[in-house]
Amino acid sequence: MKGLILAAGKGTRLYPMTKMICKPLLPVYDKPLIYYPLSILLQVGIEDIMVIIPDGEEETFTKLLGDGSTWGVHISYAVQKVPRGIADAFLVAEDFIRGDSVCLVLGDNIFYDESRDYIFMQQAKEQKEGATVFGYYVDDPRPFGVVEFDENGNALSIEEKPRYPKSNYIIPGLYFYDSDILEIAKSLKPSARGELEITDVNLEYLRRGKLKVIPLNDQFVWLDAGTADSLLQAADRIREVQERTGRYVACPEEVACKKGLITVEQAHAIGDQLKQTLYGQYLQCM
């Protein structure tokens, strides 16, 4: 399975913060925002990752993430010259996907499993056919994409920002697709706002009877850092979790070490380079 991080959005809702820096490079408490989706892909065990970035940002992303060897994986980059929607990520990454299955995570979404076992994501990865999305319970789902599903996890309907939602479960920005994804993405027509919509991808899998939904329990945290308020709330939540548990959220070195991608000695060496920071000291104590 290949991994995609869509990090090409302009972040206009965060202006003027993002006039000089790409949104996924903004800090969320003590680490760059992009560390959070990156850590999810590492947690799932995906070792071949492409980051889709805006034009002109190649140097900044490469300086931060490099080729992925720090974490025992391979990271490559592709430029989305014109923002054409989430589903356009698959067309940008066509050569990278090459008929493989793929996990797409949005660059401004934060996922954290309080239990730290991430079993839901492993279940999604193990699905060999079709698509799998997640259902996240919210009190007011009307501003989101809402999914209705049966007791077996089969999707029944998807609605974008419905006035009268059929469920309280929304679809956050983490998606698992089989090798049909390229064929489906190529068949999409732009929406009224001129974008290739991820909802249309999910609707096509639903039409084929191949869309599964895994509901996330209350141990799972999802945060969308797309506005100034949500960015601040996310930072506060990350700080609270780390102070309460003594464990870092989205520390890619720690995840890579636990997954056997790098050794404890390698993680300690990275910590030594950052020993004047709490982050480096945390790595040294692993």
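In the block above lies the structure referred to throughout.
My aim in this report is to walk through the structure given alongside it, one point at a time. Everything numeric here is computed off the predicted structure, so don't read it as measured data.

### Here we look at the overall build of the chain
Logical step 1: Scanning the chain from terminus to terminus reveals eleven helices and 14 strands.
Logical step 2: In terms of C-alpha radius of gyration, the chain reaches 18 Å, essentially the compact-globule figure of 19 Å for 286 residues.
Logical step 3: When its C-alpha atoms are laid out on the principal axes, the chain stretches across 55 × 40 × 40 Å.
Logical step 4: Across the 286 residues of the chain, 52% fall into the buried class.
Logical step 5: Across the chain, the centroid of the 31 positively charged side chains sits 2 Å from that of the 42 negatively charged ones.

### Focus: the pairing of strand β1 (residues 2-6)
Logical step 1: Counting buried residues in β1 gives five out of five residues, a clear majority hidden from the surface.
Logical step 2: The alternating pattern of β1 places Lys 2, Leu 4 and Leu 6 on one face and Gly 3 and Ile 5 on the opposite face, and all of these are buried.
Logical step 3: Pairing geometry for β1 and strand β6 (residues 102-106), over five bridges, is parallel. Looking at β6, one finds that Ile 5 is bridged to Val 105.
Logical step 4: Here four bridges tie β1 to strand β4 (residues 48-54), and the two strands are oriented parallel to one another. By the bridge assignment for β4, Gly 3 is matched with Ile 49.

### With respect to the layout of surface pockets
Logical step 1: Within this model, the largest pocket holds a volume of roughly 1,300 Å³.
Logical step 2: What lines the largest pocket is a set of 40 residues, and nearest its centre among them are Arg 13, Ile 86, Leu 106, Asp 108 and Arg 193.
Logical step 3: Elements that contribute at least two residues to the lining of the largest pocket include exactly β10 (155-160), α7 (198-207) and β14 (220-224).
Logical step 4: The element that contributes the greatest number of residues to the lining of the largest pocket is α7, accounting for three residues.
Logical step 5: Classifying every residue of the lining of the largest pocket gives 16 nonpolar, 14 polar and ten charged.

### Brief notes about α7
Logical step 1: With seven of ten residues buried, α7 is to be regarded as a mostly interior element.
Logical step 2: Looking at α7, one finds that the buried residues are Ile 198, Thr 199, Val 201, Asn 202, Glu 204, Tyr 205 and Leu 206.
Logical step 3: A positive phi of about 75° marks Gly 209, the residue just after α7.

### A short note on the pattern of salt bridges
Logical step 1: Summed over the entire model, instances satisfying the criterion amount to 16 salt bridges.
Logical step 2: One salt bridge in this structure joins Lys 186 and Glu 94, with 2.6 Å as the shortest N-O distance. Placement of the pair is Lys 186 in helix α6 (residues 181-186) and Glu 94 in helix α4 (residues 94-97), with a sequence separation of 92 residues.
Logical step 3: Here Arg 247 and Glu 254 are joined by a salt bridge, their closest N and O atoms 3.2 Å apart.
Logical step 4: Glu 254 gets classed as buried once you look at its relative accessible area, which sits at 5%.
Logical step 5: Within the structure, one salt-bridge network assembled from shared partners comprises Asp 180, Glu 183, Glu 204, Arg 207 and Arg 208.

### Description of the environment of Val 241
Logical step 1: With respect to the helices, strands and loops of the structure, Val 241 is situated in helix α8 (residues 228-245).
Logical step 2: Here the alpha-carbon distance between Val 241 and Tyr 175, two residues 66 residues apart in the chain, equals 25 Å.

### Remarks on the nonpolar core
Logical step 1: One finds Ile 49 and Val 51 to be the most contacted residues of the largest nonpolar core, which totals 67 residues.
Logical step 2: Top element by residues in this core is helix α1 (residues 35-44). It accounts for seven residues.
Logical step 3: When near neighbours in sequence (up to four residues on either side) are disregarded, Ile 49 contacts Gly 3, Ile 5, Leu 38, Leu 41, Leu 42, Val 73, His 74, Ile 75, Ser 76 and Phe 96.

### As for the environment of Ser 187
Logical step 1: As for its placement among the helices and strands, Ser 187 is situated in the loop between α6 and α7.
Logical step 2: The exposure class of Ser 187 is partly exposed, given its relative accessible area of 46%.
Logical step 3: For Ser 187 and Ile 238, which are 51 residues apart along the polypeptide, the C-alpha to C-alpha distance reads 39 Å.

### Things to note about the pairing of β10
Logical step 1: One ladder, built from five bridges, connects strand β9 (residues 145-149) with β10; its direction is antiparallel. Counted as the bridge partner of Glu 148 is Ser 157 from β10.
Logical step 2: Joining the antiparallel neighbours β9 and β10 is a turn of five residues, in which Gly 153 adopts a positive phi near 80°.

### Side note on unusual backbone geometry
A negative phi holds for most residues other than glycine; trans holds for most peptide bonds.
Logical step 1: Omega for the bond connecting Tyr 15 with Pro 16 falls within 30 degrees of zero, at 5°, which places this linkage in the cis form.
Logical step 2: Among the secondary structure elements, Pro 16 is positioned in the loop between β1 and β2 (27-28).
Logical step 3: Even without being a glycine, Tyr 29 presents a positive backbone phi close to 60°.
Logical step 4: Position of Tyr 29 among the secondary structure elements: in the loop between β2 and β3 (31-32).

Cut-offs used in this document
Residues numbered from 1 in each chain as written. Predicted model: local features only at pLDDT ≥ 70, side-chain atom pairs only at ≥ 80, totals over all residues. Heavy atoms only, no water. Helix = DSSP H or I, 4+ residues; strand = E, 2+ residues; numbered from the N terminus. Rg over C-alpha atoms; globule rule 2.2 N^0.38 Å. Buried < 20%, exposed > 50% of the residue type's maximum accessible area, 1.4 Å probe, protein only. Lys, Arg positive; Asp, Glu negative; His and termini not counted. Charge placed at Lys NZ, Arg CZ, Asp CG, Glu CD. Pairing = 2+ DSSP bridges. 1 Å grid on protein atoms, 1.4 Å probe; cavity = no way out; pocket = protein on both sides within 12 Å on 5 of 7 lines; lining within 4 Å. Points joined across faces, edges and corners; volume = space filled by probe spheres on them. Nonpolar A, V, L, I, M, F, W, Y, C, P; charged D, E, K, R; others polar. Salt bridge = Lys/Arg side-chain N within 4 Å of Asp/Glu carboxyl O. Core = buried A, V, L, I, M, F, W, Y, C linked by side-chain atoms within 4.5 Å. Contact = heavy atoms within 4.5 Å.

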